[in-house]
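Read off the chains here:
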Amino acid sequence: MSNPVLSRSIRLALAAALITGYGPGAVAAEQPVVTGTIQEVIVTAERRETSLQTTPIAITAMDTAALNDRGIVDLEGVIKATPSMSFTPYPPTKHTLTLFMRGSGVQDVGQITIDTAIGLYQDGFYISRGQLVTFDLADVERVEVLRGPQGTLYGRNTTGGAVNLISRKPTGEFGFRQELGVGNSGRLRSLSVLDLPAAGNLSAKLSLLKRQQDGYVKNLGPSHDFGEEDQTAGRLALRWAGDGPFSADYFFETGELDSTPLYYTNAALVGEIDGYSDQGRPEDVSYRAIDLPESKGDFESHGLTLAWEVSDALTLKSLTGYRDISSIYHQDYAETFFAGFFSTDDIDSHQFTQELQAVGSLLDGRLDFVAGLFYFEEQGRHLQHTIITAPGVLLDKNRYVQMESESRAAFAQVTWTPPILDDRLELTFGGRYTKDERSAERELLTTWFGYPIAQEPAPGLITANDVSSSEFNPSFTANFAWTPDVSTYLRIATGYKAGGSSESVDVGQFGVTFDPETVTVYELGLKSYLLDRRMRLNAALFHSKYEDMQLFFNTSPADLSVVLGMNAGKATIRGLEVETLWQPTENLSLTLEYTWLDTKFDEVPAPAGTVFDPAVNPASPYQVGEDVRHLFRQGYSPENTLNLGLSWTFLQLGRGDLTGILNYRWEDRTWHTSAAGAAVPNSQAASRAPYGLLDGRLSWQADVGSHSRLRVDLWGKNLSDRKWPLYVIASGNPVAIQDPYGNITPAGFNISPIAWAERRTYGINLIYEY
């Protein structure tokens with residue numbers, strides 16, 4: 001039975017929508033700015049400047065003020081401010097992050113033969129490797145997080161979404177900004193930015209960064225502590241813009257990121273080793289002296305953007321980028337695997353990208369278009385050395401992998417505003433065709449007490465592979481403006497994660513590759529201003545279907561570090577995202593950001609040649625091809641994630657004001673492996689328990705001269721001093737394992753190694769701008 005009041009409200013709303021007559025693309029431009037209301041946010045998610053509220057994509061956008069208010073200075077901070085994203089540091093190094101968005105990601109980001117599912121871009125230039133992505137966000141103007149597949153405009157490896165970091169361009173006028181911060185555990189951050197006056201048509205900007213902190217787990221020995229960090233970086237930005245239609249932007253940046261890894265403990269060792277503890281404050285000290293070398297990384301990036309405004313309706317662009325990284329990291333797991341376990345990884349990557357774009361409009365602005373060509377190439381190498389020791393055990397593994405990758409793509413997207421419904425409807429069609437090629441070679445030597453037991457190359461063994469594929473990714477969006485402040489959209493988008501291979505396969509199996517993993521998403525979205533533009537409410541409801549999922553399986557009962565990758569699954573991920581900003585007064589704002597995820601595997605056939613195969617593992621109760629989806633769940637996908645924020649300017653004195661800022665994040669239980677389904681015994685041991693963290697800051701901002709402004713922040717993170725696990729290394733298997741000697745290890749997970757996060761931190765920041 002219908003509700004007459006609700007029906008009448010809907011009719012009135014529709015009538016009002018028909019009377020006002022604003023098209024979706026004109027909503028923001030037509031609205032007057034009212035003092036105290038929420039201001040428009042400009043984004044470039046569709047390769048042109050548009051309003052956040054008129055762009056029919058689920059986007060989280062943060063400008064410089066928002067980043068400062070939340071104390072965000074790196075990608076980790078961006079992730080924590082985006083409920084749909086989750087992360088953990090990669091176990092051997094804190095400067096490589098395992099990233100997931102909307103349940104899509106890659107767990108083993110240390111392998112150069114595997115690509116990520118979250119595209120990371122700096123000023124529009126693609127960053128292919130997860131190493132060193134914790135670089136400081138120095139002189140960033142805006143961060144845009146695009147949620148969901150972005151296969152049309154951003155291409156491959158964006159099945160979860162994309163993150164674009166947009167830097168401030170030179171202004172051509174003299175300006176200076178100095179940021180200086182100090183805090184506990186030896187924290188120091190200094191950022192100096194100098195904007196130089198234009199010399200003719202050329203403007204320049206220089207940025208220098210220094211950031212460091214002491215380790216938060218003390219090493220009992222004379223070596224480095226765990227959790228140390230030391231960053232030094234510099235950036236030069238040039239802009240040439242004459243009176244004509246041509247402009248050029250160039251940046252060069254270089255930096256060093258030195259660090260030590262996280263410290264892992266295992267509760268199962270309590271009582272087994274004298275003085276060992278993983279509870280309370282003793283976890284801030286290693287249980288023994290550890291020889292821990294400093295991990296070192298450096299990067300260099302160049303980006304050149306050329307733009308030609310052919311006319312008011314057409315702009316041509318060229319983006320040429322180069323990025324070089326070198327990262328060597330060391331980790332000592334200190335017996336947490338019941339044996340000595342020391343590893344060293346040495347990774348190099350060199351990438352080049354070239355993109356050509358045409359951005360414009362036709363038919364008197366009724367047809368907007370973006371079209372282009374994209375080229376990418378990468379050469380990389382990965383040397384891994386692992387030593388495992390125990391009574392009667394001395395295992396030494398050396399693995400060297402070289403990789404080359406090449407990708408070519410052509411793409412186009414058009415947005416049409418048909419001359420119906422008072423120009424309220426926008427229809428967007430897009431497509432991208434991509435051709436990928438990748439090849440890799442491997443050398444391997446494993447010794448037992450110095451005697452070789454596995455070696456590549458060797459006669460009859462395959463030590464190289466190549467994989468090529470082509471994908472077409474279409475997309476469609478219908479966006480309708482019900483009123484000047486309320487619009488809804490329907491989006492159907494596709495994406496894929498490139499094919500590759502596993503570095504850690506058994507001897508002779510390196511020729512095995514896997515094909516791309518694909519996703520199709522169906523999304524309903526809402527963009528709205530409410531309460532006279534004092535509230536912004538955006539929401540997205542999505543349903544994602546994954547095919548040919550890239551899953552990784554153990555293949556050797558004698559060595560569970562041997563893992564084979566293959567296309568062996570289908571999955572469905574549903575979700576709801578809500579972002580709300582309410583500004584009841586000019587001095588008070590409240591935010592609520594919430595994500596709900598429902599993930600499930602639809603099919604996982606037990607693969608031949610793995611521990612599910614009785615021919616390989618006699619203890620397996622399954623047959624090849626049998627559906628074992630009940631043993632799997634989507635990792636790094638908490639069911640509920642909530643962010644709450646409050647900003648209150650409660651005191652205004654003369655030319656300054658005092659603001660209190662609070663941010664709270666709560667995250668549901670998160671599994672750190674996909675092989676921990678509900679049917680696996682003790683699967684919770686492979687998960688991170690729910691946790692909530694409260695951060696706060698007290699900010700004083702004032703004009704200190706006719707052209708100067710000063711900001712001073714007292715800040716604290718994890719104010720309740722909560723102990724919480726940053727990462728859990730899942731220890732166990734979804735199926736019983738029988739080793740070559742007939743010993744059977746039951747299915748399930750044991751007490752797992754844990755890296756505890758740093759406890760309460762605090763400090764003071766100063767920002768001076770002229």
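Up top is the structure.
The structure contained in this document is the topic of the report that follows. Computed from a predicted structure; not experimentally measured.

1. Points about the overall build of the chain
Counting its secondary structure elements, the chain contains four helices and 44 strands. Taken over C-alpha atoms, the radius of gyration comes to 27 Å for the chain, in line with the 27 Å a tight globule of 770 residues would show. For the C-alpha atoms alone, the extent of the chain along its principal axes is close to 80 × 60 × 55 Å. For the chain, with 770 residues in total, the buried portion stands at 56%. In the chain, once contacts between residues fewer than 6 apart in sequence are set aside, the share between residues at least 24 apart is 68%. In the structure as shown, the chain presents an accessible area of about 31300 Å², 58% of it carried by carbon and sulfur atoms. Treating the 62 positive side-chain charges of the chain as one cloud and the 94 negative ones as another, the clouds have centres 6 Å apart.

2. Observations regarding the packing of aromatic side chains
A full pass over the atoms with the stated rule returns 24 aromatic pairs. Taking the centre distance of 5.4 Å and the plane angle of 75° together, the rings of Tyr 333 and Phe 337 count as edge-to-face. Of the residues examined, Phe 337 reaches a relative accessible area of 28% and is grouped as partly exposed. Seen from their ring centres, Phe 612 and Tyr 622 are 6.3 Å apart, and the 55° between their planes marks the pair as tilted. Residue Phe 612 is found in the loop between β31 (588–603) and β32 (640–653), and its partner Tyr 622 is found in the loop between β31 and β32; the two are separated by 10 residues along the sequence. The residues Phe 612 and Tyr 622 share a single accessibility class, namely buried. Chaining the aromatic ring pairs together yields one cluster made of Phe 553, Phe 601, Phe 612, Tyr 622 and Phe 632. Arg 102 extends its terminal NZ or CZ atom over the ring of Phe 542, reaching a point 3.9 Å from the ring centre.

3. Structural notes on the sheet that holds strand β8 (residues 125–127)
A sheet is described by the order of its strands in space; here five strands give the open sequence β3-β9-β10-β7-β8, paired in mixed fashion. Edge positions in the sheet fall to β3 (59–63) and β8, since each has one partner strand and no second. This sheet shows a mean twist of 20° between the axes of neighbouring strands, independent of strand direction. Strand direction decides the pairing type here: β3 and strand β9 (residues 140–147), joined by five bridges, are antiparallel. Bridging across to β9, Asp 63 finds its partner in Arg 142.

4. Quick word on the side chain of Ser 286
In this fold, Ser 286 is placed in the loop between β16 (264–265) and β17 (295–311). A polar atom in the side chain of Ser 286 sits 3.1 Å from the backbone nitrogen of Leu 220. Among the polar contacts made by the side chain of Ser 286, one reaches the main-chain carbonyl oxygen of Arg 288 at a distance of 2.7 Å. Not counting chain neighbours up to four residues away, the residues in contact with Ser 286 comprise Val 217, Lys 218, Asn 219, Leu 220 and Tyr 263.

5. Here we look at the nonpolar core
Core analysis: the largest hydrophobic core is formed by 47 residues, its most contacted members being Leu 75, Val 78, Leu 137, Val 143 and Val 163. The element contributing the most residues to this core is strand β5 (residues 97–101), with four residues. When neighbours within four sequence positions are excluded, Val 143 is seen to be in contact with Thr 60, Ala 61, Met 62, Leu 67, Val 78, Leu 137, Val 163, Asn 164 and Leu 165.

6. Things to note about the sheet that holds strand β38 (residues 725–728)
With antiparallel pairing, the three strands of this open sheet are ordered in space as β16-β43-β38. One side of each edge strand has no neighbouring strand; the edge strands of this open sheet are β16 and β38. Direction of pairing for β38 relative to strand β43 (residues 754–756): antiparallel, over a ladder of three bridges. Counterpart to Pro 725 in the pairing with β43 is Trp 756.

7. Brief notes about the pattern of salt bridges
Under the criterion given, the structure shown has 55 salt bridges. The shortest N-O distance in the salt bridge between Asp 195 and Lys 205 comes to 3.8 Å. Separated by 10 residues along the polypeptide, Asp 195 in strand β12 (residues 187–199) and Lys 205 in strand β13 (residues 202–213) bring together distant segments of the chain. The class for Asp 195 is buried, based on a relative accessible area of 8%. Three or more residues are tied together by salt bridges with common partners; here these are Asp 74, Lys 94, Asp 136, Asp 139, Arg 177, Glu 179, Arg 189, Asp 195, Lys 205, Arg 211 and Glu 229.

8. Regarding empty space enclosed by the protein
Within the structure shown, the criterion is met by 16 cavities of 30 Å³ or more. There is about 220 Å³ of room inside the second largest cavity. Lining the second largest cavity are 22 residues; nearest its centre among them are Phe 135, Asp 136, Ala 138, Ala 233 and Glu 253. Mapped onto the lining of the second largest cavity, the elements with two or more residues apiece are β10 (161–167), β13, β14 (229–241) and β15 (246–259). At five residues, β14 tops the list of elements feeding residues into the lining of the second largest cavity. Partitioned by chemical class, the residues of the lining of the second largest cavity number 11 nonpolar, seven polar and four charged.

9. Details of the environment of Glu 667
Here Glu 667 is to be found in strand β33 (residues 656–667). Residue classification places Glu 667 among the buried positions, given a relative accessible area of 2%. A sequence separation of 414 residues divides Glu 667 from Glu 253, and the C-alpha atoms of the two residues are 35 Å apart. Aside from chain neighbours lying at most four places away, what touches Glu 667 is Pro 638, Asn 640, Thr 641, Arg 688, Pro 690 and Tyr 691. At 3.2 Å, the side chain of Glu 667 and the side chain of Thr 670 are in polar contact. Among the polar contacts listed, one links the side chain of Glu 667 to the side chain of Arg 688, at a separation of 2.6 Å.

Rules used in this analysis
Residues numbered from 1 in each chain as written. Predicted model: local features only at pLDDT ≥ 70, side-chain atom pairs only at ≥ 80, totals over all residues. Heavy atoms only, no water. Helix = DSSP H or I, 4+ residues; strand = E, 2+ residues; numbered from the N terminus. Rg over C-alpha atoms; globule rule 2.2 N^0.38 Å. Buried < 20%, exposed > 50% of the residue type's maximum accessible area, 1.4 Å probe, protein only. Contact = heavy atoms within 4.5 Å. Areas by Shrake-Rupley, 256 points an atom, 1.4 Å probe, with all protein chains shown as cover. Lys, Arg positive; Asp, Glu negative; His and termini not counted. Charge placed at Lys NZ, Arg CZ, Asp CG, Glu CD. Phe/Tyr/Trp six-rings, centres within 6.5 Å; stacked < 30°, edge-to-face > 60°. Lys NZ or Arg CZ within 6 Å of the ring centre and 35° of its normal. Pairing = 2+ DSSP bridges. Axes fitted to C-alpha atoms, helices over the stretch in contact; angles between N-to-C directions. Polar contact = N/O pair within 3.5 Å; in protein donor to acceptor, adjacent residues only side chain to side chain. Core = buried A, V, L, I, M, F, W, Y, C linked by side-chain atoms within 4.5 Å. Salt bridge = Lys/Arg side-chain N within 4 Å of Asp/Glu carboxyl O. 1 Å grid on protein atoms, 1.4 Å probe; cavity = no way out; pocket = protein on both sides within 12 Å on 5 of 7 lines; lining within 4 Å. Points joined across faces, edges and corners; volume = space filled by probe spheres on them. Nonpolar A, V, L, I, M, F, W, Y, C, P; charged D, E, K, R; others polar.

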